[in-house]
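# Inside the fold
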Amino acid sequence: MQASKTENRRKAEPFYWLSVAKPKTSSEIVNEARDALQTVKTQRLFTPTDEQRKLFGSQSSQCPQNRRPVLLSLDTSSSDLSESRPNSAVRLSPLTHKPVVIISEKKDEASSVFHPTPPADAAEVRKVSSACKGLFRTPSLKDLFSAKVVPLDQNGVKLDFEEPPMMMNSLDRSNNNCLAEQKLYTSFNDESRQLICNEHTSRSGSEDSMEGTPGNFSLQLQGESDQMEEPGKKSSQLRTSGQKRRVTGLKDETRINEWEEEDFFWHTRILPILRDLEKREDNIEHLCLACTKLHQVLGDGNMLGKRFKRRNILLKTLYKLVDLDSDPLSLKLAKIILAMKVDGKNLLSVCKLAFKICRNEKNYFIIQNDTLLDYLLQVLWNEDLQTNHEALVYCMAAIKVMSEKEVLRFKMVSKGAIEMFLELMKQINNIKEHDTYFSKLGHLLVQLAATLRILANCAQARRQLSPGAAIPELCVALEQRSSDKDVCIWIVSVLSKLSTYSDFCAALADCSRCYIVFLALLNKYQKQQDLVIRIIFILGNLTARNDQSREQFFKEKESVNTLTSLFQTYYELDLNEMTRHHDSKGKNQQKYPSEAEDILIKLIRVLANLSIHPRVGAALAAAHPVVGLLVTVLEYKSVDACEELVINAATTINNLSYYQVDNSAVQDKKLHIAEMLLKLLMSDNMDAVVEAVRVFGNLSQHHEIRDFIVQRKIYKFVIALLDSKNREVCFPACGVLLNLTVDENKRAFLMEEGGIGKLVDCLQDFGPADWQLSCLICKTLWNYSENMASSSCFGGNTTALLTLLTALLDEEVELEGSLDRDIKDCQRVYWEREFKPVAEKLLDRIQSHHSSS
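One structure accompanies this document, and this report is about it. None of these values were measured; they are calculated from a predicted model.

### Section: the overall build of the protein chain
A count of helical and extended segments in the protein chain gives 42 helices and 0 strands. Counting only contacts in the protein chain whose residues sit at least 6 apart along the sequence, the fraction spanning at least 24 positions is 80%. Carbon and sulfur atoms make up 49% of the accessible area of the protein chain, which totals about 38300 Å².

Listed below in structure tokens is the structure:
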């Protein structure tokens, strides 16, 4: 019955059972092993006999070494703040000139979110011989990150490998040393012991025909020991202790077999390659081929990792080859050394070596087609963050350099490196400021953030960079490392790029402390231009989103004062730069925009976006320092010198002029502002002209400004703009003319310059396509004809105007052109509420005077 169970078990197992002849005793096995070792001492290479070859015959087809899947990441080289230039603002009408949002020029990209899963421990099943089945084990992967950092050597990488203490060559050891060394190896499961003991017995063949010996007992230990124990002969306690002694004997026998097989593999497969490496140091190409072969052989023998007994001899040989200073050879060596799972100073040195190889542009093609990236990501995934923090700095630096190349970037993303990088940042964030390693990890965080900045430029990487996971960790790191300027610059650089995409910008706005952190950094590093410009750019994107973001920022303590202080600082800096350049000999060679001007452009954009919120806009309109600085920009800057800065300043003034509040700084300075706007009207820049007319549209609600427009004959210029056939130009121009017609003594100028005919032409050109503009034109004509005695006040345009108004008031004709239902409904609302009431009154007035005449 027992034998039947054993047969069934053997049939189900995935290996072949060697036939058991007559098993030897444990003592005979040990004696044979010692004799074999003594024989090996006298031989340079071990040459097995035909009978001995049978032991290794099944090893001919071994699989490559098991490798854990690796997470990889992407690259994105990006120009620093090319994305930060705001677009032209969306404009609103005069009279009701509402504030304008200055948006970012970068269109938001919707990005789907993918959550990669970290690689699981999955070892491939080896097709090895039954003799090797239980002997070789792949070391388990360590837990993910937990370490700290050291700065990179910018001038060069010093490779200082530390030779591990050499183990005595097994060929020169005594028998006792050999047996003692066996205890360093882990034990195997019972099935492995049973298999190996069976093999050993089959090799001994007919030499041992004894039955009932301890050796025979040990072979039958799995499931058959009860048959050999006479009931009642010994107590259960004595039986247990006897079994333990026999299991220990089996372990020793297993270790001897393991040593024999490793020793044979070393002498027949590895040692010849090492000798070849030592002989051919003058031939780099040959050495590279030999290293490739060595790597493959080590994988075949499952000797990669830390359990290989002669690992130190192998590493010593490899370290000597590093001194040849050949990058292709160093690449091969680095992969083998990393595969051997080195640690400590040796890990640091090999990571430095990898960084040295990667930062050389000439090595791009050999790296692109190689697997070095996989090994570096394994280091990043497996090594302890605190124990190997310095090595991880160079490892991350090498990955960062790789991420700059598109092919390697895609490899990183395809292997899920994005999640690995975020997990690494999370581990770093968990180490608090009082910890010993806190400051050292700053160097690693710089390399990590620099890599994420590159990846943020790649759409494929952003799809894996979950906004809900990435943004909070970046904000935590930024707040914790606020005293580390380099870390802050790189993290803010990542956020500045991500904030140009709607989903990431929304996630950033949801971080309640982000505004506090940004304001603290602006106050701390006020003159650190590369940091300030990125933070201001982020704030511009946040405040362009919605009123909630605008109000949240405005409510933070000293928010407006911080912006005002920055404005003053960089205005003075820019003014000093202009003076220095003009005083220098020769032509002014200053580059536009300068760094100071670029910061002012983005800062004014923030103010313009904040002013959209009714309460915030009203408060800013009464803030004399803010308005004063905006007017100063119009004073000392020409639109030709720095177009965007001047136009942004005019836009912000237009937004603030919308609010009719007590103590309005805009109203107090309205005449001075009007003088500055004249410079824009006289320029050849149409965007500047339109922006100036918009401001006049709001300011002309005050009679002082209407008088100024007439006195300086600005109305002629405004009437001429009606010929542009451009809605963006005609709309603010009509607003200014509408306000002028409020004063009866200024209405005649409209006919004098042919304004009536141009207004009628605009009504005909835009008509039902823009009911707001059509309504504005009708209001202007209504004001103009208020006290007319006859329809002749419209001159030769009366008939055309009557026909046009009649047609535009025919709802069946004019509204059937819109195919989209939503657009049609919206147009109907504008037509019914705004255009129709004014147009009907104007038509009645003209018809009544026309019939009477």
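### Concerning the packing of helix α15 (residues 389–402) against helix α18 (residues 441–455)
It is the contact of α15 with α18, at a shortest axis distance of 9 Å, that shows an interaxial angle of 15 degrees. On the basis of the axis angle, α15 is roughly parallel to α18. As α15 runs across α18, the sense of the crossing is left-handed. Each of H389, L392, V393, M396, A397 and K400 in α15 lies in contact with α18, whose residues at this interface are L441, H443, L444, Q447, L448, A450, T451 and I454. Residue composition of the contact of α15 with α18, grouped by class: 9 nonpolar, 4 polar and 1 charged.

### Quick look at the packing of helix α30 (residues 643–657) against helix α33 (residues 686–699)
The geometry of α30 relative to α33 is characterised by a closest axis approach of 9 Å and an angle of 15 degrees between their N-to-C directions. With respect to each other, α30 and α33 are oriented roughly parallel. Crossing of α30 over α33 shows left-handed handedness. In this structure, α30 uses E643, I647, A650, T651, I653, N654 and S657 to contact α33, whose residues at the interface are D687, A688, E691, R694, V695, N698 and L699. Tallied by class, the residues present in the contact of α30 with α33 amount to 6 nonpolar, 4 polar and 4 charged.

### Observations regarding the state of the cysteines
Tallied over the entire structure, the rule returns 0 disulfides. Sulfur of C775: no disulfide; nearest cysteine sulfur belongs to C778 and is 6.9 Å away. Looking at C778, the relative accessible area reads 0%, which means it is buried.

### With respect to the pattern of salt bridges
Inspection of every chain in the model, using the stated rule, returns 28 salt bridges. Put simply, R615 and E551 hold a salt bridge, and the shortest N to O gap is 2.6 Å. In this pair, R615 is assigned in helix α28 (residues 614–621) and E551 in helix α25 (residues 547–555), connecting sequence segments 64 residues apart. Judged by relative accessible area, R615 falls into the exposed class, the value being 57%. Put simply, E691, R694, R727, E728 and D770 are held in one network by salt bridges that share partners.

### A few points about helix α11 (residues 327–339)
Between its first and last C-alpha, α11 extends 18 Å over 13 residues, near the 18 Å set by a 1.5 Å rise per residue. Judged by how many residues are buried, α11 sits mostly within the fold: 11 of 13 residues are covered. Those residues of α11 that fall on the buried side of the exposure criterion are D327, L329, S330, L331, L333, A334, K335, I336, I337, L338 and A339. Packing partners of the buried residues in α11 comprise α9 (284–300), α10 (311–322), α12 (344–358), α13 (364–368) and α14 (372–382). K341 sits one or two positions beyond α11 and adopts a positive phi of about 60 degrees.

### Observations regarding the packing of aromatic side chains
Counted under the stated rule, the structure contains 8 aromatic pairs. Consider the rings of Y571 and Y636, whose centres lie 5.1 Å apart with planes at 70 degrees: the pair is edge-to-face. Within this pair, whereas Y571 is found in helix α26 (residues 559–583), its partner Y636 is found in helix α29 (residues 624–636), the two being separated by 65 residues in sequence. Side by side, Y571 and Y636 carry an identical accessibility label, which is buried. With centroids separated by 4.8 Å and ring planes inclined at 45 degrees, the aromatic side chains of W771 and F835 adopt a geometry described as tilted. With W771 in helix α39 (residues 771–784) and F835 in helix α42 (residues 821–852), the pair connects residues that are 64 residues apart, well separated along the chain. A relative accessible area of 0% places F835 in the buried class.

Cut-offs used in this document
- Residues numbered from 1 in each chain as written.
- Predicted model: local features only at pLDDT ≥ 70, side-chain atom pairs only at ≥ 80, totals over all residues.
- Heavy atoms only, no water.
- Helix = DSSP H or I, 4+ residues; strand = E, 2+ residues; numbered from the N terminus.
- Contact = heavy atoms within 4.5 Å.
- Areas by Shrake-Rupley, 256 points an atom, 1.4 Å probe, with all protein chains shown as cover.
- Axes fitted to C-alpha atoms, helices over the stretch in contact; angles between N-to-C directions.
- Parallel < 35°, antiparallel > 145°, perpendicular 65-115°, else oblique.
- Left-handed = near helix turned anticlockwise from the far one by under 90°.
- Nonpolar A, V, L, I, M, F, W, Y, C, P; charged D, E, K, R; others polar.
- Disulfide = S-S within 2.5 Å.
- Buried < 20%, exposed > 50% of the residue type's maximum accessible area, 1.4 Å probe, protein only.
- Salt bridge = Lys/Arg side-chain N within 4 Å of Asp/Glu carboxyl O.
- Expected span 1.5 Å × (residues − 1).
- Phe/Tyr/Trp six-rings, centres within 6.5 Å; stacked < 30°, edge-to-face > 60°.

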